[in-house]
Every structure is written in C-alpha cells, then in structure tokens.
Amino acid sequence: MRVVKKIDIYLLRNFLWLFLATFFIAIFILLMQFMWMHVNDLVGKGISLGVLSEFFIYATASVIPLALPLAILLSSLIAFGNLAEKSELTAMKAAGISLFRILRPLAIAVAILSVGAFYFSNNVLPKSQAKLWALIFSLRQKSPELQIPVGEFYDEIHGYNIYVRNKTRDGDLLNLMIYDYSSGFEDAKVMVADTGRLRASTDKRFLVLDLINGESFENLNQKQQRATRTTQNIPYRRETFSHKRLIIDFNTDFNRYDESILDDQHVSKNVSQLLHSIDSVEHVSDARSKEQSDKLIKDRYFGREGSRTDVILPTTLSSEDVERYNLDSLWAHLSLTRKKQVYSIAQEKARNYRDQIEYNAILLEDTERYVRKHEIELYRKFTLAFACLIFFFIGAPLGAIIRKGGLGAPVVISVILFIIYYIIDNTGYKMAREALWPCWAGMWLSSFVLLPTGIFLTYKAATDSPLFNPDAWVIAWKKMVNKVQESKWFHQVKRQKN
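Residues numbered from 1 in each chain as written. Predicted model: local features only at pLDDT ≥ 70, side-chain atom pairs only at ≥ 80, totals over all residues. Heavy atoms only, no water.

Student: Which residues make up unusual backbone geometry, and what values do they have?
Tutor: Glycine aside, negative phi is the norm for most residues, and most peptide bonds take the trans geometry. Positive phi, normally seen in glycine, also occurs at Asn-175, with a value near 50 degrees. Mapped onto the elements of the fold, Asn-175 is located in strand β3 (residues 173–180). At Asn-213, a residue that is not glycine, the phi angle is positive and equals roughly 55 degrees. Following the sequence through the fold, Asn-213 ends up in strand β5 (residues 206–219). Residue Asn-213 is classed as partly exposed on the basis of its relative accessible area of 40%. (Helix = DSSP H or I, 4+ residues; strand = E, 2+ residues; numbered from the N terminus. Buried < 20%, exposed > 50% of the residue type's maximum accessible area, 1.4 Å probe, protein only.)

Student: How would you sum up the pattern of salt bridges? Please name residues and give values.
Tutor: Once the charged atoms of two side chains with opposite charge are near each other, the side chains can pair. Within the structure shown, the criterion is met by 10 salt bridges. Taking the shortest distance from any N to any O, the salt bridge between Arg-351 and Glu-348 comes out at 2.8 Å. Of the two residues, Arg-351 and Glu-348 both sit in helix α9 (residues 336–402), 3 residues apart, roughly one turn of that helix. A relative accessible area of 38% means that Glu-348 is categorised as partly exposed. Here the salt bridges share partners, and the residues they tie into one network are Glu-377, Arg-380 and Lys-381. (Salt bridge = Lys/Arg side-chain N within 4 Å of Asp/Glu carboxyl O.)

Student: Residues and numbers for the packing of aromatic side chains, please.
Tutor: Inspection of every chain in the model, using the stated rule, returns 15 aromatic pairs. Here the aromatic cluster, defined as three or more aromatic residues joined through ring pairs, consists of Phe-15, Phe-19, Phe-23, Phe-24, Phe-392 and Phe-393. Just above the ring of Phe-241 sits the side chain of Lys-244; from NZ or CZ to the centre is 6.0 Å. (Phe/Tyr/Trp six-rings, centres within 6.5 Å; stacked < 30°, edge-to-face > 60°. Lys NZ or Arg CZ within 6 Å of the ring centre and 35° of its normal.)

Student: Outline the pairing of strand β2 (residues 160–167), supporting the account with residue identities and numerical values.
Tutor: As paired strands, strand β1 (residues 153–154) and β2 are joined by 2 bridges and run antiparallel to one another. Paired with Phe-153 across the strands is Tyr-163, a residue of β2. Hairpin remark: β1 followed by β2, antiparallel, with 5 residues in the connecting loop; positive phi at Gly-159, about 90 degrees. Alignment of β2 against β3, held across 7 bridges, turns out to be antiparallel. (Pairing = 2+ DSSP bridges.)

Student: Explain the confidence of the model for the protein chain to me, and be specific about the residues and the numbers.
Tutor: Looking at the protein chain, the pLDDT average stands at 79 and 80% of residues meet or exceed 70. The secondary structure element of the protein chain with the lowest average pLDDT is helix α5 (residues 222–228), at 52, and the one with the highest is helix α11 (residues 439–443), at 91. (pLDDT = per-residue confidence, 0-100.)

Student: Give a description of the side chain of Ser-62 that names residues and reports values.
Tutor: By secondary structure assignment, the location of Ser-62 is in helix α2 (residues 49–85). For Ser-62, a relative accessible area of 19% gives the class buried. Of note is the side chain of Ser-62, whose polar atom sits 2.6 Å from the backbone oxygen of Ala-59. With near-sequence residues (within four places) excluded, Ser-62 lies in contact with Phe-34, Leu-125, Gln-129 and Leu-132. (Polar contact = N/O pair within 3.5 Å; in protein donor to acceptor, adjacent residues only side chain to side chain. Contact = heavy atoms within 4.5 Å.)

Student: Pulling in residues and values, what's your account of the layout of surface pockets?
Tutor: Considered as a void within the structure, the largest pocket measures approximately 1200 Å³ in volume. Lining the largest pocket are 30 residues, with Ser-62, Leu-66, Gln-129, Arg-380 and Tyr-422 sitting closest to its centre. The set of elements that each furnish at least two residues to the lining of the largest pocket consists of α1 (6–37), α2, α4 (99–141), α9 and α10 (409–433). Looking at the lining of the largest pocket, its residues break down into 16 nonpolar, 8 polar and 6 charged. (1 Å grid on protein atoms, 1.4 Å probe; cavity = no way out; pocket = protein on both sides within 12 Å on 5 of 7 lines; lining within 4 Å. Points joined across faces, edges and corners; volume = space filled by probe spheres on them. Nonpolar A, V, L, I, M, F, W, Y, C, P; charged D, E, K, R; others polar.)

Student: Before we move on, can you summarise the nonpolar core with the specific residues and values?
Tutor: Residues Phe-55, Phe-80 and Phe-392 are the most contacted members of the largest nonpolar core, which totals 59 residues. The element contributing the most residues to this core is α2, with 16 residues. For Phe-80, the residues in contact, after removing those within four places along its chain, are Leu-89, Leu-99, Ile-102, Leu-103, Leu-106, Ala-396, Gly-399 and Ala-400. Formed by 18 residues, the second largest nonpolar core is a distinct cluster that contains Ile-148, Tyr-160, Val-164 and Leu-173. (Core = buried A, V, L, I, M, F, W, Y, C linked by side-chain atoms within 4.5 Å.)

Student: Go over the environment of Ser-272, please, and point to the residues and values.
Tutor: Along the chain, Ser-272 turns up in helix α6 (residues 271–301). As a C-alpha pair, Ser-272 and Leu-378 span 106 residues in sequence and 9.3 Å in three-dimensional space. At a separation of 2.9 Å, a polar atom in the side chain of Ser-272 contacts the side chain of Asn-270.

Student: Go over the side chain of Asp-172, please, and point to the residues and values.
Tutor: Within the element layout of this structure, Asp-172 appears in the loop between β2 and β3. For Asp-172, the side chain forms a polar contact with the side chain of Arg-197, separated by 3.4 Å. What Asp-172 contacts, discounting residues up to four positions off in sequence, is Asn-166, Lys-167, Thr-195, Gly-196 and Arg-197.

Written out as structure tokens, the structure is:
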C-alpha cells in the first residue's frame, strides 16, 4: 500500500507552488515596510552597492519569520478556495474522502515548515539580527554625502551653515556665505567669498574648503564681554583675502561596528543562550533583592543602629533596655526643643531611607527589564512557529467554506485576518514589555485567540455548515426566536407585563 497517494501529490503540488509565490510576495511587502522605517539611515549617505546588498540580505532574513505565517494563510486559502470553486473538493468528499484526510498531507507539510521556522528563528535569525543592527548602527554614524544645494542653507556639516547662490559644471561654488559657529553661537564667524572649492581629504576624515576672493568677520573679546556683562561696543576683525583654506572635521568614511557589541542583546541569542541569560540575571536579581531587604530590615526598619538612643534616651542604655521603654511616654516627657530635634532627625532619616529604596528599585527594575526582553524573545521563537499551524487551520477551512479562489477575495480576507493577528500580537507584546502581564501570557495572546477560531472553522468546513450563507443565518435566527417565544420564561414575562 502506497503511503503517499496521487491525491496527496496533487494537493502538495498545488499548495507548494502557491506557497512559494505568496511567500516571496509577503517578503517583498514586509521588506519594503522595513526599508521605509530605515530610509533615513540609507538615503544621502553615499553607501556602496556592496553595503546596500548586505543590508538587503540581513533585512530579508529578519522579515522571514513574519512572512511565513502570512504566506501559509494566503496560500492555503487560495488552494482550498480553488478546489472548492472547481468542485474538486466536492468530488473528493463524494468519493468518501473526508476533509481531515484531505488536510493531512498539507498539515504535515506545514508542520515541517513550522519546525523549519523554529530552526531558522533559533539558529539563523540571531546571527543575521546581530549583523543587521551592527550595520544599522554603522550607517547611522556615517556622515551624509556632500550635496550642497543651491539657494538654501546647508547645515549637514556640524558647526557650519553654508549658503551657495550658484554652481558651475565643475562643481565650484559661486557667491557663497559661511556661518562658522563651531566655537558656539555667541562666537560665530561670518565669511563670504566669490568662489569656493570643497573636497575631502585623502584619509576621508576632513573636508578641505578653499575660498577665493572673500572677506571674513569676527567679533573680538566676546568672552571678555560675557564675563564682564558689559554692553559697550567691542571691536571686530575684518579680513580680506584672495585665498583662504578651511580644514573641517568631517569623517566621510564608513566605519563598521563590530558585531560583538550585540553579544549581550536578546536579538542575537538562541534559546539556550536566552535561558542561560534569564537564569543568571534572575539569580543575581533575587540575591540583590534579598540583600537589600535584609539590610533594610536589619539596619533601618527596626532602628537598631542607635537612632532612638541618640536623642530620646541616654546613650548609656543597651538595646535590651530600650525595648522596655514606652516610646509614647518618652515622647510626652520631652521638651519642645527636643521634640523638634527628634522630628527633624526622623524626617531626615525617612528621606534618606526613601532615596535608598528608590535607588534600589531602579537597580532591580533594570534587571527585570533585561529579563523581560529575553523572555519575550524566547517566547517569540515558539509563537511564530506555532502561528504557521494556526493560520493553516484558519485558511484551509475558510477557503473550503467561501469557495473562492484566485487573488481576489482570498487576498482581502488574508490581509484582514493578518491585521487582526498583528494587532492582537502587538497588544500582547506591549503588555508583556511594560510588565502589565506575564511575558508568556502576552506573547501567546494571539495564539490563544486564533486557535479557537481555527478549530471552529475546521469543524464548520468538515460538517459542510453554510457559514457565509445569509439565508442560513436568517433561518437560524428565526429558529432561535421561535424557541425563545415558546419557552416558559418568555410566557411568564409576558404574563407579568399584562
């Protein structure tokens, strides 16, 4: 008996071709969205084609875990919509093949894809994420490419504003004005020149600006005027030159960050590394919390350091003698001056205790935030793989129910379902990130919501329920109304009103 039958091969062939097509479409859409988010890091930087290609490769790898569930949803919806629209699904059921038997080969294929998605998220994605963000940080630090516009001020060079009235074909700047505030706005210098030539130094660390036939203006004794706060007129220096060279600090080279800067970040770790980091930091956090609480109880809360004997009681008393005194009676016998002194000391100590507690809370909050980020990343590796299975059991029965194939209704329905999934998943992520929910609850929220939906749709498709037939809903509504009207509760309410 053959394990893989012709019907299985037929279904797998139709599904896999659709899956590959929708997978690349989903990657393209998500990649464009990712590029739009980082367009400021790429445009106007003079980046080489090799660096751009590297950025695209790493960005593509980062969107694969999100594109995979979307592709499975769309491809399964189209595949079963085509089968139902061509009456092939009806013919299979008429031949005695149940819907679960039809789903079996595709479910196995999707399960393999889910395992592959988890492997990718656990082994490939951390490395690509480390390379991607190291590259993004490098691009953000790169100075923009010099493209000085005509007729407007250019302020991309730190400490300078350059205005150019015109340019020649050779790149010479004509009738330019330069505001040099590299030493501060109050010590700004103004230069005008007929012609200017701008170029980068050989090591690409400086800009060389040659000015020809111009003047410069600079106030003298500005610092002395600010120090003495005088408003008297101060002298200024006016310089006329035929040639003047400015050396401006402007690193135009591309300096790549090392990937090791992300070694301790959650995005660059696999499951075992995440678990190890969580366990280590939680151990340190628990030890620090216990140490802080023990110290507060021992040295502060019970006041055993002698705070009460400093003012209220004689300093010769031991701590055992202090326990036998009644503080209310001791307070009543103090003079007004001593009471004020005790009150001020207590207030100061309470303020010090509060500051120490707030400082300890900040230290503990940093470790808790670190643990939350790692737990979120840990659960994300499982939830994205599990989402592939959920979307298959939503898309396949939904395609069998709506009986529409092609790229019309399936695309619209897939986009709506994916937006709902994204909103729910993002809500759970933010709840977990802000510690409003446990991390496992926030990250599995979308699965908890969509899994019953998939089970319901699979049941409806297996029983051939007319889920999207308006007449069936009208009949069901009339039956429900008739049952309510025939019930004893309805007649009792009616009699009470009468």
